[in-house]
Each structure stands twice: as structure tokens, then as C-alpha cells.
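Structural description and commentary
Here are the chains, one letter per residue:
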Amino acid sequence: MSILAVQVLNSLFYASVLFLIAAGLSLIFGVMRIVNLAHGSLFAIGAYIGAWLVGRAIGLGVPVTWLLLVIPIAALAVALVGIVIEPLLLRPFYRRAEEYQLLVTFGLLLILEDLMRLVWGALPLTADTVMDTMPVVHIGALVYPGYNILVIGIGIAAAILLWVVIYGTKFGVLLRATSQDRRMAAALGLNVGLVYVAAFAIGCFMAGLGGAIVVPSHAAVLGMGVEALVLAFVVVVVGGLGSLKGALVGALIVSFVRTAGIQFFPEVELAVLYLIAAVVLIARPTGLFGTA
Amino acid sequence: MKAAVIALPRSPARLWPYVGGAVGLVVLAAIPEFLGLYQTQLLTYGLIMAIAALGFNLLLGYTGLLSFGHSAYFGLGAYTVAFLLQWLGIHSMELYILLGLPVAAIVSALFGFICVRHTRIFFGILTLALSQVLYSLALKFFWVTGGTDGLRVPRPTLLLGIIDFAGSGGFPRFIRSYYYYVLGVFVLSAAIMWVIVHSPFGKALQAIRDNETRARFLGLRVRRFRWAAFLLSGTFTALAGILWVPLNGLTTPDVLYWPFSGEIVFMTLLGGFRNFFGPIVGGIVFTFLKTYAVASTEYWQLLLGTVLVVLILLLPTGVVGALSQLAKRLRTTREGAR
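Residues numbered from 1 in each chain as written. Chains lettered and ligands numbered in written order. Predicted model: local features only at pLDDT ≥ 70, side-chain atom pairs only at ≥ 80, totals over all residues.

**What to know about the overall build of chain A**
Per the secondary structure count, chain A includes 12 helices and two strands. Counting from the amino terminus, helix and strand elements in chain A follow one another as α-α-α-α-α-β-β-α-α-α-α-α-α-α. Computed over its C-alpha atoms, the radius of gyration of chain A comes to 19 Å, within 12% of the 19 Å expected for a compact globule of 292 residues. Sorting the 292 residues of chain A into buried and exposed places 52% on the buried side. Across chain A, contacts joining residues at least 24 apart in sequence account for 77% of those joining residues at least 6 apart. (Helix = DSSP H or I, 4+ residues; strand = E, 2+ residues; numbered from the N terminus. Rg over C-alpha atoms; globule rule 2.2 N^0.38 Å. Buried ≥ 20, exposed ≤ 12 C-beta atoms within 10 Å, placed from the backbone. Contact = placed C-beta atoms within 7 Å.)

Laid out in C-alpha cells, this is it:
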């Protein structure tokens, strides 16, 4: 029974991280109509910045209780990267065919992957001190890291906050208006360029947050972004590209299937995920909640 | 109609692709005399990639579908060869091709049947997802596929066992012979592809690319045409994988991983996808570009990524497209001066 509880918690932990990545990917697609192949790399940058900051903070003798502050700082840093990337690289491509938009983000992926290697080297970067400082939780006879529960909390909080911003604020109205009809929104006097930067920055922030919260329990390694991207793809394909609700449900489905897969059918665990995505695309091309 | 497809066109302006192709062929046939062994090997890789890109471009350039999962068919070809060796002990290159192509055609037909239900971005994601199914299977079923270690494929015999490469000095002999072998297969595939895209079938694909609705009104069964194009495209790319694996000596899941699909897209774009010869030039140029980037810097991805971004910003029609535009501009200025 307690094993089951741990597995459920593991799935929720995993779902929180996946939701953060996939929601950002989905938001960027919803508003800007760009499938950002470099999104996984932004997630990885968040992880690297997080791990690097933790290392620096420990080196400077910052008390361990303050280490959690690293998480929002790393996410903000990735958002800044996004603010630089959008006008510089993506803006020239909005009027061009989809193929070029996909390719420019692929080029960006290659660049970012190597920049990470250039800055942080090829060895994994860890930040497990953060995890060690957190108390453990006892579930029956088993011990569960408290940090993972914090991550689940952050995931839930991020989801609620995102909902409030998009469906409850004026900014959210602007986002949704731009997403529905870019030209109409521009004709009504909306600064579409600014909305695009904001949407991209929020997407990057969430990817960076995902990376920063995952790094204390896993390590930052090269290639983690490329791997995360395909899983985020599965999530948004299942849930529906451009749908927030879809990203949430998709992340939950993928996480629970994956946890079950690792337990019961480890050989085909990944294949099953991709097959689910393919089946959903055939049956409902727009995903479970998509409208695009 | 059928004869007209193959017969040379009478208008002299239409003749230049044939002339250019013939000149290119002569150059390719003569060039190993002037190149070292290593350069010849690289050029062989380039020709193989050119076949893959030609196949890929039937979908992108002629049908208007961007696949982000062509690593699947390349890897399928490579792994089929490895399995033929492992399970049936086959060592003949001809048998690899003859047995590998039907396998590739069947899988391409199956994947294509699913993928052509969509277009645009969903087509791209679907092809990517299916290719990753193969990737994860190759990775996880390590007792069959060797996992990340991959499977070794030693040098096969060529021309039904007439030429083999056992004994000392096998490697240089293999490289020299294999270059001409690949060149022969390449010329044959390029010729077949040329006939395909200039046939009524190819014209129908281009009509679908340019305006799907009109094509449908003309009575074309759009989905079926796309499916056929997908099947041909996947099979061509698989042929490249079949030729690639004996040269590489090893197949690993890397050739199934989706960034490799990105490389196929990259090389096609580098050459130019609006031109028949673009992918050929792109495949060869990309191979040399990547090899030298890898050799000269640890951060070759950074270099390639920058090249890609600059390329699509400045030369959206690729190398061949830019050259032909330049030629056209020179011609018009010369005529204007006259």
C-alpha cells in the first residue's frame, strides 16, 4: 500500500515537471503558432543555471535554508534568455512558412545545446544539497524525500497561477485575443509584438522553472533537453497543442503511464508513450482538449 | 505520354539539367583519382546522404509535407542490414538491398498510412512520434539490437560475391570499390527520382502541394497520392541507410533519434528544396561541413546551428536556389546590356 502511495507521488512529481515544460510549449504555440523545438533546451538551461547557482551559493557560504531561492532566480534567468531570443531570432520568421519556423528553432536547439557544454562542461552538474536539507516524509514503512512533495506543490501552484493569469486578468485577455486572431488584435490597437515577447518569456520561465525544480533530485546532464522535448511533445499531442487544460491532463496521463511502464513493462515504456501520442493524433488530431 | 517523360525535351533551355547532370557525373566518376582515401570515403558518405535527402525532398519539396521523422527509415535500412547479417548470415550487398527495400517499403507504407491523415505541423509531429517508437525499441531491446552499443556490420561482398574484401589491404580496396558501387546506386536512384517527379504522378504531387483544394476538384485522390509519395520517400531514405551501414561498420540508435531527422531536413534545406539537384548538393556539402566542423571544434553543433539559422535567414532557397537565381540575374543584366 505504501509502495503504491510512493508510486503515485512519483507520478505527481514527474507530472509537475512535465506540466511546466509542456504548458510553456503549448502557450508559445497557442499565442505565436510556433512549435519551439528548442523548448527542451530552455528547460535544460534552467537546470544548469539552478545547479550552478547552488554550487556558487554553497561556495559563498550562503545558509542552506536560503538555497531554495535559487529556483525562482534560475527560472527568471531563463525568461531573460527568452526575451533576448524572441526579437532576435524568431521575429523575422512570423511571416515565413511553418517549415522555416520549425527549422530556426532546430538551429536554436543545436546552438543552445552546445552553449551549455561550452559554459558548464560535459560533466553532470548536481545540486543535491538542496534535497538533503529538506526533511523526509514517512509513508508507512517507507521514507520519501520531502523535496519531491515541495515540487508537487510548486507544480500545483504554477498551474493555478497560470489559470488565474490567463483566464482572470486583463493580460490574459490580451494573450487569448492574440492567440485567436493576431491581425484582429493588432487592428484593435493591441501591441502584438509585446504580447509575443511576454508569451515567449512566460513559456521560457516555466521551462526554466521545470529545470530548476528537477535539478536537486536529478542532475543537469547534456541531452536532457532533447529527451524532455519529445516527452513534452507527447504531452501536448495527447492533451492538445495550445490548450492549458490539455497540458495538465496530458502531463498526468504521461506520468502515470510512465511510472506504471517502468514498473510493469520497462522495455516498451517509451514506445508505449509514443504510440499513445500516435493513436490520439489519429483519433483526435487536435488532442483531447485542443481546438487548433 | 510515357515516352515523352523519358525522351529529351526539344527546347534547349530545358536541356541544361541533363547537361549539368552529365558533367556532374563525369566529375564524380573521375574525382577519386585526385582524392585521398579519406576524402573518397567522405564523398561516399555524401552520396549516401544525397540519396536520403532526395527521398526526403519528394515529400518536402514536391508534396509539401515536412517530415521530422525520416531518421526512422534511414535507421530501418541500417538495422535491417544488421539483422540480415545476424540472423541469416547474409554477406552480400545486393541481397541487403533486395531484402531491405521491401521491409522498408512495408514499414513506410504503414507509417505513411497513419501520417498522411494530417498535414502541416501535425504531420511533422506524427512522423516524429512514430520515429521515436522505433528509436526507443532499438534502445530498450538491447538483447536484439545491442542497445546503445549498436550492431556491427563488417564489409560485405559486392556484385554477388565477385568482389570481397577479406585479407590484408581490404580497407583501401573496399573504400575505392564501394565508392563506385554507391555512385552507381546513386545515379540509378537519382534517375528514378527524376522520372518520378517529372511523371504525371510527380506533377500531381506538385499540384497538391500548391493547392490542395484545386487538386481535389481536379479529381485527384489527395490522400492516396500523399501516401504513395510517403512510401517512395521512406524507401529511398531507407536505401541510403542500407548503403550507409557497411561503410560505417556499425549501426547505433543515434540514426533513429530525432535530431538525425533534423540533419536530413538541414541538408535538404542547405542545398535547396525547390530544386531537384538541391538535396544532392546539400547532402554532399553537409557531410563535408559536418565532418570538418566536428574535426575542427568540439562545439560543432554550435557552428552548424549558426550556419542553419543564417542560412534560412539569408538564403531561404538554399545553395542551388541562390546559384540559379544569381545565374538568372546575370543573364538578364547581360541581355539588358545588349
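This is not the end of the story, as more comes after the structure.
**Topic: the overall build of chain B**
Within chain B one finds 15 helices and two strands. Relative to the 2.2 N^0.38 estimate, which gives 20 Å for 338 residues, the radius of gyration of chain B is 20 Å and therefore close to what a compact globule would have. If one aligns the C-alpha atoms of chain B with their principal axes, the spans along those axes are about 65 × 50 × 45 Å. Taken over 338 residues, chain B has a buried fraction of 44%. The long-range share in chain B, meaning contacts at least 24 apart out of those at least 6 apart in sequence, stands at 77%.

**What to know about the packing of helix H3 (residues 37-63) of chain B against helix H11 (residues 222-248) of chain B**
Residues and elements named next belong to chain B. Closest axis-to-axis distance for the H3/H11 pair is 9 Å, and the angle between their directions is 170°. In terms of their interaxial angle, H3 and H11 are classed as roughly antiparallel. Contacts from Thr 44, Tyr 45, Ile 48, Met 49, Ile 51, Ala 52, Leu 54, Gly 55, Phe 56, Leu 58, Leu 59 and Thr 63 of H3 reach H11 at Arg 226, Ala 229, Phe 230, Leu 232, Ser 233, Phe 236, Thr 237, Leu 239, Ala 240, Leu 243, Trp 244 and Leu 247. Here the contact of H3 with H11 is composed, by residue class, of 18 nonpolar, five polar and one charged. (Axes fitted to C-alpha atoms, helices over the stretch in contact; angles between N-to-C directions. Parallel < 35°, antiparallel > 145°, perpendicular 65-115°, else oblique. Nonpolar A, V, L, I, M, F, W, Y, C, P; charged D, E, K, R; others polar.)

**A short note on helix H9 (residues 192-214) of chain A**
Residues lying three or four places apart along an α-helix face the same way, a consequence of the helix completing one turn every 3.6 residues. Across its 23 residues, H9 of chain A extends 33 Å between first and last C-alpha, which sits within 8% of the 33 Å expected from 1.5 Å per residue. A large share of H9 of chain A lies buried, amounting to 20 of its 23 residues. (Expected span 1.5 Å × (residues − 1).)

**Structural notes on the nonpolar core**
Formed by 205 residues in total, the largest nonpolar core has its most connected members in Leu 18 and Val 234 of chain A together with Ala 129 of chain B. In terms of residue count, helix H1 (residues 2-32) of chain A provides more of this core than any other element does, 17 residues in total. Leaving out residues up to four positions away in the same chain, Leu 18 of chain A has contacts with Leu 231, Ala 232, Val 235, Ala 251, Val 254 and Ser 255 of chain A. (Core = buried A, V, L, I, M, F, W, Y, C linked by C-beta atoms within 7 Å.)

**A short note on the pairing of strand S2 (residues 142-145) of chain A**
Where strand S1 (residues 136-139) of chain A meets S2 of chain A, four bridges bridge the pair, whose relative direction is antiparallel. Opposite Val 137 of chain A, over in S2 of chain A, you have Tyr 144 of chain A as the bridge partner. (Pairing = 2+ DSSP bridges.)

**Let's talk about the interface of chain A and chain B**
Of the residues lining the interface, 35 residues belong to chain A; the matching set on chain B comes to 35 residues. At the level of secondary structure, the elements contributing two or more residues to the side of chain A that touches chain B comprise helix H4 (98-120), helix H10 (224-239) and helix H12 (269-283) of chain A. Residue contributions to the side of chain A that touches chain B peak at 16 residues, all from H4 of chain A. Classifying every residue of the side of chain A that touches chain B by side-chain character gives 28 nonpolar, one polar and six charged.

**Here we look at the environment of Pro 316 of chain B**
All names here are of chain B. Secondary-structure assignment places Pro 316 in the loop between helix H14 (300-314) and helix H15 (318-337). Looking at Pro 316, the number of C-beta atoms within 10 Å reads 18, which means it is partly exposed. As for Pro 316 and Gly 272, which are separated by 44 residues in sequence, their C-alpha atoms are 7.7 Å apart.

**Examining H12 of chain A**
Taking 1.5 Å of rise per residue, 15 residues should cover 21 Å, and H12 of chain A covers 21 Å from first to last C-alpha, within 8% of that figure. If you follow the buried residues of H12 of chain A, they end up packed against H10 and helix H11 (244-264) of chain A together with helix H5 (93-115) and helix H6 (120-140) of chain B.

**Regarding the environment of Arg 176 of chain B**
Here Arg 176 of chain B lies in helix H8 (residues 170-198). The class of Arg 176 of chain B is partly exposed, set by 15 C-beta atoms lying within 10 Å.

**Examining the confidence of the model for chain B**
Residues and elements named next belong to chain B. Confidence in the prediction of chain B, expressed as mean pLDDT, is 83, and 93% of residues score 70 or more. Ranking the elements of chain B by mean pLDDT puts helix H1 (residues 2-6) last, at 46, and H11 first, at 91. Contacts for the low-pLDDT stretch residues 1-5, under 50 throughout, to residues beyond four places or in other chains number four contacts. (pLDDT = per-residue confidence, 0-100.)

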